[in-house]
Amino acid sequence: MTANHEARPVQALDEGPARELCGIILHPAGHTLSPILHQAAYAALGLDAVYLAFDVAPSALEGAVAGMRALGVRQLSVSLPHKEAVLKLANHISPEAQQIGAANTLTRTDDAIVADNTDWVGVLRTLEPHGPWKGRRATVLGAGGAARAVVYALRHLGMDVLVTNRTRERASRLVDELGGRVGSINEPYDLLVNATPLGLQPQVDASPVGAEELQPRALIFDTVYRPLETRLLREAAARGCRTQDGLDMLVHQAVEQIRLWSGHSPDPALLRRAADHALQGDTALR
Ligand code: NAP
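Residues numbered from 1 in each chain as written. Predicted model: local features only at pLDDT ≥ 70, side-chain atom pairs only at ≥ 80, totals over all residues. Heavy atoms only, no water.

### Quick look at the pattern of salt bridges
If you walk through the whole model with that rule in mind, you get 12 salt bridges. A salt bridge links R181 to E187; the shortest N-O distance between them is 2.8 Å. Measuring nitrogen to oxygen at the nearest pair gives 2.8 Å for the salt bridge that ties R231 to E235. Placement of the pair is R231 and E235 together in helix 7 (residues 231-238), with a separation of 4 residues, close to one helical turn. For E235, a relative accessible area of 17% gives the class buried. Connected through shared salt-bridge partners, D245, D248, R272 and D276 make up one network. (Salt bridge = Lys/Arg side-chain N within 4 Å of Asp/Glu carboxyl O. Helix = DSSP H or I, 4+ residues; strand = E, 2+ residues; numbered from the N terminus. Buried < 20%, exposed > 50% of the residue type's maximum accessible area, 1.4 Å probe, protein only.)

Written out as structure tokens, the structure reads:
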């Protein structure tokens, strides 16, 4: 074996070309929708690849990334709690991941592991059909990793962004780094985004804001997708607001991940159908 040898899965005697190996790293182990999305896309695009879920504890993260090189893994989706820590382990960080401060994708090229963030693309593609958004007002609830990708996307769309968060200092840090300002839910908005876990199973009775704070005619976008119709979205619809669930964001970030390694973009509608089908069958998926 030469120093430049590129590791990759090897075909068995009775198989065709060697498959590409992709996957997701997360911890603790849980059910994840990502294998369903990626496998549906690979099948539709005719890509000879498999996508597996790996439970990787924080102490094993460095070894897992080294394993991408050693085993020739093409791409890893990166889920909680690794999105920030993987930045230190990549050879190259995209400008977007650098600014957001988190990566949800590691892609192996011939000579490097590249860290990208496609969550913000998921937000962008989800919101574009509801636009135009330039110059309009957005209020973002939360200041964690999801909120950072949301704010990055909203700024990219040219929106006037306000962030409100339980821990005010965290919101201040976010707007210092990504733009926008810290404010309160009482200010007018055209778009409200929930980027907190409030409403997520099993706390389905929780909502990040009171129903009376939902401003009619605004679009209410909940990044939570389990359940698909959260209490926030139910109350928003009852108040006459337009609503957007969180599953399209998940679908579009996966579409962008697949484009990054394969150069091909699967049909988002096909992935959405696969995800809807899976969610109907298993309420434990996330
Ligand atoms: P995170 O980094 O842990 O941040 C969580 C945020 O929610 C923080 O701002 C936190 O406030 C706030 N928060 C948590 N519990 C709260 C409570 N009880 N009351 C008020 N605020 C609370 O998590 P994340 O990665 O940003 O993920 C947040 C959610 O986004 C996830 O649960 C998931 O549902 C959703 N998400 C969706 C997608 C998608 O593709 N649709 C992708 C990623 C995430 P403090 O700063 O005060 O702690």
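### Focus on the pairing of strand 5 (residues 105-108)
Here strand 5 shows a buried face lined by T105 and T107 and a second buried face lined by L106 and R108. For strand 3 (residues 75-78) and strand 5, the ladder comprises 3 bridges, and the chain directions are antiparallel. Across the sheet, the residue bridging to Q75 is T107, located in strand 5. Alignment of strand 5 against strand 6 (residues 113-116), held across 4 bridges, turns out to be antiparallel. In the sheet register, T105 faces strand 6, and the bridge partner there is D116. Two successive antiparallel strands, strand 5 and strand 6, enclose a turn made up of 4 residues. (Pairing = 2+ DSSP bridges.)

### Some words on the site of the ligand
The ligand sits among 21 residues. The nearest are A143, A146, N165, T167 and R170. Residue N165 places a side-chain N or O atom 2.7 Å away from an oxygen atom belonging to the ligand. Here the ligand, which alone exposes 930 Å², has 77% of that area covered by the protein. Of the residues that constitute the shell around the ligand, the class distribution is 11 nonpolar, 8 polar and 2 charged. (Near = heavy atom within 4 Å. Polar contact = N/O pair within 3.5 Å; in protein donor to acceptor, adjacent residues only side chain to side chain. Areas by Shrake-Rupley, 256 points an atom, 1.4 Å probe, with all protein chains shown as cover. Nonpolar A, V, L, I, M, F, W, Y, C, P; charged D, E, K, R; others polar.)

### Focus on the packing of helix 5 (residues 145-156) against helix 6 (residues 168-178)
Where helix 5 contacts helix 6, the two axes come as close as 11 Å, and the packing angle between them is 35°. Between helix 5 and helix 6 lies a crossing of right-handed hand. Between helix 5, through A147, R148, V151, Y152 and R155, and helix 6, the contact on the second element is made entirely by L174, E177 and L178. Within the contact of helix 5 with helix 6, the residues separate by chemical class into 5 nonpolar, no polar and 3 charged. (Axes fitted to C-alpha atoms, helices over the stretch in contact; angles between N-to-C directions. Left-handed = near helix turned anticlockwise from the far one by under 90°. Contact = heavy atoms within 4.5 Å.)

### A look at the environment of P266
Mapped onto the secondary structure, P266 falls in the loop between helix 8 (247-262) and helix 9 (268-281). Between the alpha carbons of P266 and L52 there is a distance of 19 Å; along the sequence they are 214 residues apart. Discounting chain neighbours no more than four positions away, the residues touching P266 are A41, L45, V255, I258 and L271.

### Things to note about the packing of helix 1 (residues 34-45) against helix 8
It is at 10 Å that the axes of helix 1 and helix 8 come closest, and there the two elements cross at 50°. Relative to helix 8, the element helix 1 lies oblique. Classified by chirality, the crossing of helix 8 by helix 1 is right-handed. For the pair helix 1 and helix 8, the contacting residues are L37, H38, A41, Y42 and L45 in the first and L250, V251, A254, Q257, I258 and W261 in the second. Among the residues forming the contact of helix 1 with helix 8, the class breakdown is 9 nonpolar, 2 polar and no charged. (Parallel < 35°, antiparallel > 145°, perpendicular 65-115°, else oblique.)

### Overview of unusual backbone geometry
Following L80, the chain continues into P81 via a peptide bond in cis, with omega recorded as 5°. Its place among the elements puts P81 in the loop between strand 3 and strand 4 (92-93). The omega torsion across G131 and P132 is 5°, close enough to zero to call that bond cis. Looking at the secondary structure, you find P132 in the loop between helix 4 (119-127) and strand 7 (137-141). A positive phi angle, close to 80°, is found at R217, a residue other than glycine. Here R217 shows up in the loop between strand 10 (191-194) and strand 11 (219-222).

### Details of helix 7
Every buried residue belonging to helix 7 is among L232, L233, E235 and A236, and all of these are buried. Along the axis of helix 7, the buried residues cluster in a sector spanning 165°; they form a single face. Buried-residue contacts for helix 7 involve strand 10, strand 11 and strand 12 (242-244). Trailing helix 7 by a residue or two, G240 shows a phi angle of about 90°, which is positive. (Arc of directions from axis to C-beta.)

### Structural notes on the packing of aromatic side chains
Inspection of every chain in the model, using the stated rule, returns 2 aromatic pairs. An angle of 85° between the planes, with centres 5.8 Å apart, marks the rings of Y42 and W261 as edge-to-face. Taken together, the residues Y42 in helix 1 and W261 in helix 8 connect sequence positions 219 residues apart. When its relative accessible area of 15% is taken as the criterion, W261 is described as buried. (Phe/Tyr/Trp six-rings, centres within 6.5 Å; stacked < 30°, edge-to-face > 60°.)

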